[in-house]
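Listed below are the residues making up each chain.
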Amino acid sequence: MAEATYTPLEMIDRLVAFDTTSRNSNLELIDFVDDYLAGHGVASTRTFDDGGGKANLFASLGPDEPGGVVLSGHTDVVPVDGQPWDTDPFSVVRANGRLYGRGTSDMKSFIAIALALVPAFQAHGLAVPLHLALSYDEEVGCLGVDHMIEGIAAAGIEPQIVVVGEPTGMHVANAHKGIYSFCTLVTGFEAHSSATHLGVNAVMTAAELIAFLGDLAVEMKDRAEPDSEFEPPYTTVHVGTIEGGTALNIIPRECRFQWEYRLIPDADEDEIINRFNEFSESLEQNMKAISSNTGIETTARSRVPGLEPEAASPAERLIMTLTGDNQALKVSYATEAGKFQRSGASTVICGPGHITQAHKPNEYIDIAQVEACEAFMHRLMDRLRQSL
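This report concerns the structure included in the present document. (Residues numbered from 1 in each chain as written. Predicted model: local features only at pLDDT ≥ 70, side-chain atom pairs only at ≥ 80, totals over all residues. Heavy atoms only, no water.)

Evaluated as defined, the whole model comprises 11 aromatic pairs. Between Y6 and Y36, the aromatic rings sit 5.9 Å apart at their centres with planes inclined by 65 degrees, giving edge-to-face as the arrangement. Placement of Y6 in the segment before α1 (8-16) and of Y36 in helix α2 (residues 27-39) is noted, with a sequence separation of 30 residues between them. Between F18 and F32, the aromatic rings sit 5.8 Å apart at their centres with planes inclined by 40 degrees, giving tilted as the arrangement. With F18 in the loop between α1 and α2 and F32 in helix α2, this pair connects stretches of sequence that are 14 residues apart. Aromatic rings pair up to connect Y180, F182, W259, Y261 and F276 into one cluster. In this structure, R14 packs its charged tip against the face of F32, placed 4.6 Å from the ring centre. Across the ring face of Y234, the terminal group of K177 is positioned such that the distance to the ring centre comes to 6.0 Å. (Phe/Tyr/Trp six-rings, centres within 6.5 Å; stacked < 30°, edge-to-face > 60°. Helix = DSSP H or I, 4+ residues; strand = E, 2+ residues; numbered from the N terminus. Lys NZ or Arg CZ within 6 Å of the ring centre and 35° of its normal.)

As a further point, take helix α7 (residues 271-290). For α7, with 20 residues, the first-to-last C-alpha span of 30 Å sits near the 28 Å given by 1.5 Å per residue. The largest bend in α7 is about 25 degrees, located at E284. For α7, the complete set of buried residues consists of I272, I273, F276, S280, L283, E284 and M287. Where α7 is buried, its residues touch β9 (178-187), α6 (202-222), β10 (236-244), β11 (254-263) and β12 (295-304). (Expected span 1.5 Å × (residues − 1). Bend = angle between axes of the 7 residues up to and from the residue. Buried < 20%, exposed > 50% of the residue type's maximum accessible area, 1.4 Å probe, protein only. Contact = heavy atoms within 4.5 Å.)

We now examine the sheet that holds strand β5 (residues 98-100). Strand order in the open sheet formed by three strands is β4-β5-β15, with antiparallel pairing between adjacent strands. The strands lining the two open edges of the sheet, one partner per strand, are β4 (93-95) and β15 (364-366). Across the sheet, the mean angle from the axis of one strand to that of its neighbour is 25 degrees, orientation sign disregarded. (Pairing = 2+ DSSP bridges. Axes fitted to C-alpha atoms, helices over the stretch in contact; angles between N-to-C directions.)

Moving on to the sheet that holds β12. A sheet is described by the order of its strands in space; here four strands give the open sequence β10-β11-β9-β12, paired in antiparallel fashion. Lying at the two open borders of the sheet, with one neighbouring strand each, are β10 and β12. Within the sheet, the average angular offset between the axes of one strand and its neighbour, ignoring direction, is 15 degrees. Contacting β9, β10, β11 and β12, α6 crosses the sheet at an angle of about 10 degrees to β11. Strand contacts of α7: β9, β10, β11 and β12, with the helix running at about 165 degrees to β12, the strand carrying the most contacts.

Here the bond from D106 into M107 is cis, since omega is -10 degrees, no more than 30 degrees from zero. Turning to its location among the elements, M107 is positioned in helix α3 (residues 104-116). A positive phi is found at C142, a non-glycine position, where the angle reads about 55 degrees. Following the sequence through the fold, C142 ends up in the loop between β6 (130-135) and α5 (145-154). In this structure C142 comes out as buried when scored by relative accessible area, which is 2%. Located in the positive-phi region is A312, a residue other than glycine, with phi close to 50 degrees. Here A312 shows up in the loop between β12 and α8 (314-323).

Now the structure itself:
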């Protein structure tokens with residue numbers, strides 16, 4: 001692809017058209033971005049998942065030296081299954097001053113604007129490296145970014161600042177909750193439903209476990225920290241999916257459910273899972289009295305650390321200068337920012353759109369937000385013409 005150019009709106013159209021729902025491969029989008037960057041003389045590297053069907057992409061503009069600023073975003077989107085969309089979710093529709101489509105707010109617009117402005121960044125003669133970091137599987141637990149961070153470290157790039165472009169309305173956020181997610185499999189013992197004393201009902205055992213999580217959710221709410229500035233100001237506990245059983249007249253052998261907690265920073269990361277495991281062990285004693293083949297197995301799906309405010313944060317100082325903010329936000333959703341921070345880079349969140357529009361049918365971003373992000377990128381260009 002020789003020097004193809006796009007406006008930010010055109011690039012948003014292009015990226016949204018790729019169905020990168022997390023269950024799918026994102027390689028078509030990554031191939032497109034790789035070709036586009038190559039057309040502008042920008043080389044990119046990839047790091048893959050274990051199966052080779054998904055990839056992160058990392059590319060650098062400006063001087064070939066350590067340091068610089070990373071603009072980071074994820075390429076995957078959440079499913080549209082069962083949602084009552086008024087339009088094709090993978091074809092951007094412009095109406096009412098908005099762009100409708102899956103990923104417009106979360107978070108392909110940020111990536112698209114940065115990519116569309118690559119020629120402008122190059123023309124500015126950057127004195128500081130600018131890096132583009134596109135990840136896979138953020139929506140299912142920030143699973144891909146670890147491989148990219150490892151690749152960045154191995155290459156000796158050592159970025160000074162990371163900006164994760166999740167939707168904040170183009171305001172700076174310096175903190176978010178951590179997210180810890182799990183899958184619990186309950187294995188019961190099948191019998192005829194008329195002989196409940198001879199079986200172990202996996203669904204009803206799962207219900208006890210879920211009720212226990214509900215009690216923990218209430219307890220966490222009672223332990224709210226009103227001064228934390230999070231909304232809500234407490235650790236939340238949530239069960240998202242459940243499946244189990246074969247037929248009404250069979251005591252179910254299996255039931256599994258997925259659950260999570262979103263943790264206030266500085267809270268004990270393991271309190272909830274440890275208490276859940278202790279309760280599980282108490283239930284197992286009665287289960288195994290009927291059959292030794294029964295049990296409860298909980299597997300961690302993801303452990304995403306929270307983002308914590310940094311004292312004298314270089315990222316916060318720079319990005320607040322560019323946005324004009326006087327105070328940083330705290331957000332309740334989780335991002336890859338906490339992982340970048342733990343890798344040693346000063347990190348903030350700042351991107352176009354609003355999280356209230358994410359994951360919904362008829363997801364949209366206001367065109368005014370796209371324009372605000374484009375203006376931000378131009379101010380960043382000017383800033384990167386000098387040392388940080």
